[in-house]
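Fold and contact review
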Amino acid sequence: MAIGRGRERIEIQGVEFKEKVVHINRVAKVVKGGRRFSFGALVVVGDFNGRVGYGLGKAKEVPEAIRKAIEAAKKALVTVPLTENGTIPFDVHGRYGAGHVLLRPAGEGTGVIAGGGVRAVVELAGVRNVLTKCLGSHNPHNMVKATIAALQELQTADQVALRRGKTVEELTA
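Notes on the structure in this doc start here.

The rules behind each value
- Residues numbered from 1 in each chain as written.
- Predicted model: local features only at pLDDT ≥ 70, side-chain atom pairs only at ≥ 80, totals over all residues.
- Heavy atoms only, no water.
- Helix = DSSP H or I, 4+ residues; strand = E, 2+ residues; numbered from the N terminus.
- Buried < 20%, exposed > 50% of the residue type's maximum accessible area, 1.4 Å probe, protein only.
- Contact = heavy atoms within 4.5 Å.
- 1 Å grid on protein atoms, 1.4 Å probe; cavity = no way out; pocket = protein on both sides within 12 Å on 5 of 7 lines; lining within 4 Å.
- Points joined across faces, edges and corners; volume = space filled by probe spheres on them.
- Nonpolar A, V, L, I, M, F, W, Y, C, P; charged D, E, K, R; others polar.
- Core = buried A, V, L, I, M, F, W, Y, C linked by side-chain atoms within 4.5 Å.
- Pairing = 2+ DSSP bridges.
- Axes fitted to C-alpha atoms, helices over the stretch in contact; angles between N-to-C directions.
- Salt bridge = Lys/Arg side-chain N within 4 Å of Asp/Glu carboxyl O.

**What about unusual backbone geometry?**
One non-glycine residue, phenylalanine 48, lies in positive phi territory at about 60°. On the secondary structure map, phenylalanine 48 appears in the loop between β3 (34–46) and β4 (51–59). Residue class for phenylalanine 48 comes out partly exposed when judged on its relative accessible area of 39%.

Now the structure itself:
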């Protein structure tokens with residue numbers, strides 16, 4: 001298991017993951033004699049093949065906060081169903097707090113149209129073509145959590161057919 005900084009590779013159980021630091025928050029506590037600083041890091045990890053997770057780490061130093069966030073992200077991985085052309089199966093709306101994220105499938109060659117924390121999550125999940133819109137709060141923590149919530153709502157055609165008690169051919173007809 002190798003852990004790196006920035007966009008370096010991490011290996012978990014033989015699967016190669018990459019990390020991206022989305023946001024680093026500095027908090028100051030005023031004490032006698034000056035200020036004490038503490039840092040919080042929001043990190044997203046993914047394998048570019050349908051698995052992605054996020055984590056929050058807090059520590060007195062930035063590298064330690066990032067390391068803790070990576071450990072938390074590795075424990076919170078979710079699986080995302082992708083289509084053949086590298087997009088999501090259908091429109092989905094994720095919510096967390098006051099943050100809302102709309103994800104919409106896009107045609108081949110469109111790319112990832114997203115900003116900030118949403119871009120980090122969908123890129124590391126392996127989505128190559130998607131349109132997104134952030135509504136409400138633009139707080140990086142809420143955007144990442146709303147994006148993960150939206151991706152968790154996605155289902156493959158097989159899962160939808162099984163839930164409805166039909167075959168995939170009946171759904172597409």
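**Notes on the environment of glycine 107**
When you line up the elements, glycine 107 lands in the loop between β7 (99–105) and β8 (112–113). For glycine 107, a relative accessible area of 39% gives the class partly exposed. The contact partners of glycine 107, leaving out residues within four places of it in the chain, are Asn85 and Asn129.

**Quick look at the layout of surface pockets**
Empty pockets left among the atoms are what a rolling probe the size of a water molecule brings to light. Here the largest pocket defines a volume of roughly 230 Å³. Mapped onto the lining of the largest pocket, the elements with two or more residues apiece are α4 (157–164) and α5 (168–172). It is α5 that contributes the most residues to the lining of the largest pocket, 3 residues altogether. Split by residue class, the lining of the largest pocket holds 8 nonpolar, 4 polar and 1 charged.

**Considering the nonpolar core**
Formed by 26 residues in total, the largest nonpolar core has its most connected members in Val52, Ile88, Leu103, Val118, Val121 and Leu151. Of all elements in the fold, only β3, β7, α2 (116–125), β9 (130–136) and α3 (140–153) reach the threshold of two or more residues within this core. Contacts of valine 118, omitting those with residues within four sequence positions, involve Val101, Leu103, Thr132, Cys134, Met143 and Thr147. Formed by 9 residues, the second largest nonpolar core is a distinct cluster that contains Ala41, Val45, Ala65 and Ala69.

**A closer look at the pairing of strand β6 (residues 92–96)**
Walk down a regular strand and you will see the side chains alternate between the two sheet faces. Pairing of β6 with β7, which is carried by 5 bridges, proceeds in the antiparallel orientation. The residue bridging arginine 95 from the neighbouring strand is histidine 100, located in β7. What sits between β6 and β7 in their antiparallel hairpin is a turn of 2 residues, with glycine 97 showing a positive phi close to 60°.

**Quick notes on the sheet that holds β8**
Pairing within the open sheet is mixed, and its 4 strands lie in the order β6-β7-β9-β8. The sheet is open, and its two borders are formed by β6 and β8, each paired with just one other strand. Of the pairings in the sheet, the one linking β8 to β9 comprises 2 bridges and is parallel in character. If you follow isoleucine 113 over to β9, its bridge partner there is leucine 131. In the packing of α3 onto the sheet, the strands contacted are β6, β7 and β9, and the crossing angle to β6 comes to about 140°.

**Here we look at the pattern of salt bridges**
The tally for this structure, following the rule as stated, stands at 4 salt bridges. Note that arginine 67 and glutamate 64 form a salt bridge whose closest N and O atoms lie 2.6 Å from each other. Taken together, the residues arginine 67 and glutamate 64, both in helix α1 (residues 62–75) and 3 residues apart, mark about one turn of the helix. Under the relative-accessibility criterion, glutamate 64 is labelled partly exposed at 30%. Among the salt bridges present, the one from lysine 74 reaches glutamate 71, with a minimum N-O distance of 3.3 Å. Of this pair, lysine 74 and glutamate 71 both sit in helix α1, 3 residues apart, roughly one helical turn.

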